Structure formats: C-alpha cells, structure tokens
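Spelled out from the first residue to the last, the chains are:
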Amino acid sequence: INNYEMILVSQNANVGIIQLNRPAALNALCKQLTAEMVDALNKFDSNPNIGAIVLTGNNRAFAAGADIKQMGDRKLTDMLNDDVLDWTVGIRAIRKPIIAAVNGYALGGGCELAMLCDIIYAGEKAVFGQPEINIGTIPGAGGTQRLVKAVGKSKAMEICLSGKINLNAEQAHIAGLVSGVYPADKVVAKAIQTAKLISAQSMPIVALVKNSVNHSFEVPLESGLEYERRLFQLTFGTEDRREGMKAFIEKRKPKFANL
Ligand code: CAA
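Residues numbered from 1 in each chain as written. Predicted model: local features only at pLDDT ≥ 70, side-chain atom pairs only at ≥ 80, totals over all residues. Heavy atoms only, no water.

An unreviewed UniProt entry lists the protein under the name Probable enoyl-CoA hydratase, mitochondrial, with Smittium simulii as the source organism. Per its UniProt entry, the protein bears the Sequence similarities (unreviewed entry) comment "Belongs to the enoyl-CoA hydratase/isomerase family." (UniProt positions renumbered as here; feature names shortened; annotations may be inferred.)

Shown next as structure tokens:
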C-alpha cells in the first residue's frame, strides 16, 4: 500500500508515528484502516532508522471498536472465510515497541488495539471499555484475555458483562491498564518522549525485552523464567552487550551499534 487514506504516517527523530484518521466513524476499525495500519507498522518495523512506534487517534477517539456497519450483515461463514480480526496477528508480529497514546474512546476493538500495544498512555478524557455485549457479541481481539491480565478478573468481568461500565483514564491508571495519564494535548508528546528513550537503546536488545515480556502472557512462570534466562545469555552474543557493560565500567555513555 502506498497512499494511505485512513491513517497519517510521520516520523520524529527515530520514532515512527501512526495516527488513525477516520474521524467521521470515530476510527472504527474497518478492513481498510486495519490493513493500512498493519502495513505502516511493518514498514516502520523493517526501517533501521526507527527504534519505536507511537500509535494514536484523535481527541474524540483512539478507536470506537470494530466497524459495526461493516459486520452488520455478516453470517458465520462470512466471518470464517474473511477474518475481520486478522490485523491482530499482524500487530503481534511487530518486533519494535509500540506505544499507544489514547485520547477519547478506546472501546471494543479500540481497547483491544491499545492492549495489543506495549505501553499505553492515556489522555485525561480517555475512556476504556468492552461494550460488545450491547450488540450481541463478545470481544474478539483479546478483550476477555488481556483485560483480565491488566485489571484482574472482577473488573474485567464487570466491564465485559455489563457493557455499560467503562474505565476513565484515572481508573484505568489505578487498575494498571495504562502507565500514565496526561493532559489530552500532551499525551502524544509523552509517548514520543518515551519512544525516543527506547530508540536510544540497542535495537536487538529492545526486541529481546519485548519478546520476553510478551512471552510471560503465553506460558507458565517456570518456562517463562527459563526462556528469559536463555535470552539473557543470548545478549552475550551481541556487540551492544559488550559495549554497554564496558561503557559502564569506563564511566561513559555506551555507543550502541545495533549489533
Ligand atoms: N463501527 C462503525 N461506526 C461507528 C462505530 C463502530 N464501532 N462507532 C461509532 N461509529 C460511527 C457512528 O455510527 C456515527 O456515524 P454516523 O455519523 O454516520 O451516524 C459516528 O461514528 C459517530 O458516532 P456517534 O454518533 O455514535 O457518536 P457519539 O458521541 O454519540 O457516541 C460512542 C460515541 C459511545 C463511542 C458510540 O459511537 C458507540 O457506542 N460506538 C460503538 C462502540 C462499540 O460498540 N464498539 C464495539 C464494536 S464491536 C468490536 O469491537 C468487536 C471486537 O471485539 C473486535
């Protein structure tokens, strides 16, 4: 894809920025928008000048969920033949960290999209929820799985079962769903600031950290710890590990070569 119609893509130093830009539909995650988003993520992921990615929406909505109008007439066989949630697999394959800067609604697939990112920052007016039950369906992009891990079973049940109870930014912060709350006009800048810190680190080591933290969602503690220890050992095969420790001992800043 070359000419995006539903997202805006830009770069700030070593940070890739993707803004979902379908405001009339509150960034509902239709096929075209999600295809463009995954395409842009892949391009940043393979761009050696990019160290981390910021994903955002607009002041009213990060994303108000999967596109209900696009799904309205679908039958089971339509869903089986054409998976409207295949973008979730695309995002999971991204090796570089993605920071979600959420203003406004992050509902349904929008909340799930935020949770697919690696760090979430919220603007003061952000709203997180899983209202799928109101339209006779259930979260399909990780809501019943990741939300439990983020906020615990009781809150996740309350949110997913009631369809009415959402988390505002402060509640999402207290519950641990988001890492920080900032004024709406500062949240993207904050995400870029953190993304720059990440971009200054060794890229291969950053990818190992992301991979290892995500692994903790998949496996029991014993195998997770074993996996982490092997990755730790693996860092000793990199130039950057050698340089990092040498620089500490020599009391200077490391110069990472991404090797
Ligand atoms: N899909 C398609 N269009 C959507 C949409 C969605 N998820 N959310 C909003 N829109 C559209 C509206 O239809 C409306 O379009 P028109 O102007 O053409 O009528 C436009 O965006 C503006 O929305 P509203 O007029 O409804 O704005 P509001 O401020 O009154 O309400 C809202 C905002 C509470 C977020 C409301 O739009 C809403 O409830 N949206 C749906 C939220 C939802 O149910 N999300 C879950 C979707 S299912 C899902 O995500 C499955 C999954 O797990 C992947």
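Let us keep going from here.
Draft legend 1. Seen up close, the pairing of strand β7 (residues 119-123). For β7, a buried count of four out of five residues is recorded, marking the element as mostly surrounded by other parts of the structure. As judged from the four bridges shared by strand β5 (residues 98-102) and β7, these two strands associate in the parallel manner. Counterpart to Ala100 in the pairing with β7 is Ile120. The pairing of β7 with strand β10 (residues 180-182) spans three bridges and is classified as parallel. From the neighbouring strand, Gly123 faces β10, where its bridge partner is Tyr182. (Buried < 20%, exposed > 50% of the residue type's maximum accessible area, 1.4 Å probe, protein only. Helix = DSSP H or I, 4+ residues; strand = E, 2+ residues; numbered from the N terminus. Pairing = 2+ DSSP bridges.)

Draft legend 2. Region of the structure containing the environment of Ala141. Mapped onto the elements of the fold, Ala141 is located in the loop between β8 (127-129) and α6 (143-151). Separated by 26 residues in sequence, Ala141 and Met115 place their C-alpha atoms 9.5 Å apart. In this view, Ala141 contacts Leu85, Trp87, Thr88, Glu112, Leu116 and Arg146; residues no more than four positions away in its chain are not counted. (Contact = heavy atoms within 4.5 Å.)

Draft legend 3. Highlighting the pairing of strand β3 (residues 52-56). Counting buried positions along β3 yields five of five residues, so the element is predominantly enclosed. Burial of β3 is two-sided: the residues Ala52, Val54 and Thr56 facing one way and the residues Ile53 and Leu55 facing the other way are all buried. Note: strand β2 (residues 15-20) against β3, five bridges, orientation parallel. By the bridge assignment, Ile18 is partnered in β3 with Leu55. Once you follow β2 into helix α1 (residues 31-45) and on to β3, the crossover reads as right-handed. Pairing of β3 with β5, which is carried by four bridges, proceeds in the parallel orientation. In the sheet register, Ile53 faces β5, and the bridge partner there is Ile98. (Right-handed = clockwise from strand over helix to strand, strands pointing away.)

Draft legend 4. Summary view of the site of the ligand. Around the ligand, the surrounding shell holds 23 residues, and the nearest of these are Ala66, Gly109, Glu112, Glu132 and Gly140. Taking Ile68, its main chain carries an N or O atom lying 2.9 Å from a nitrogen atom of the ligand. Interatomic distance of 3.1 Å between a side-chain N/O atom of Lys69 and an oxygen atom of the ligand. Computed on the free molecule, the ligand has an accessible area of 980 Å², of which 65% lies beneath the protein chains in the complex. Secondary-structure elements contributing two or more residues to the shell around the ligand are α2 (68-71), β6 (105-107) and α5 (109-116). By residue class, the composition of the shell around the ligand is 14 nonpolar, four polar and five charged. (Near = heavy atom within 4 Å. Polar contact = N/O pair within 3.5 Å; in protein donor to acceptor, adjacent residues only side chain to side chain. Areas by Shrake-Rupley, 256 points an atom, 1.4 Å probe, with all protein chains shown as cover. Nonpolar A, V, L, I, M, F, W, Y, C, P; charged D, E, K, R; others polar.)

Draft legend 5. Summary view of the pattern of salt bridges. Across all of its chains, the model carries 15 salt bridges by this definition. The partner of Lys31 in a salt bridge is Asp86, with the nearest N and O atoms 3.7 Å apart. Within this pair, whereas Lys31 is found in helix α1, its partner Asp86 is found in the loop between α3 (76-81) and α4 (87-92), the two being separated by 55 residues in sequence. Overall, Lys31 belongs to the partly exposed group, its relative accessible area being 28%. With a shortest N-O distance of 3.8 Å, Lys186 and Asp185 are connected by a salt bridge. Given a relative accessible area of 45%, Lys186 falls into the partly exposed group. (Salt bridge = Lys/Arg side-chain N within 4 Å of Asp/Glu carboxyl O.)

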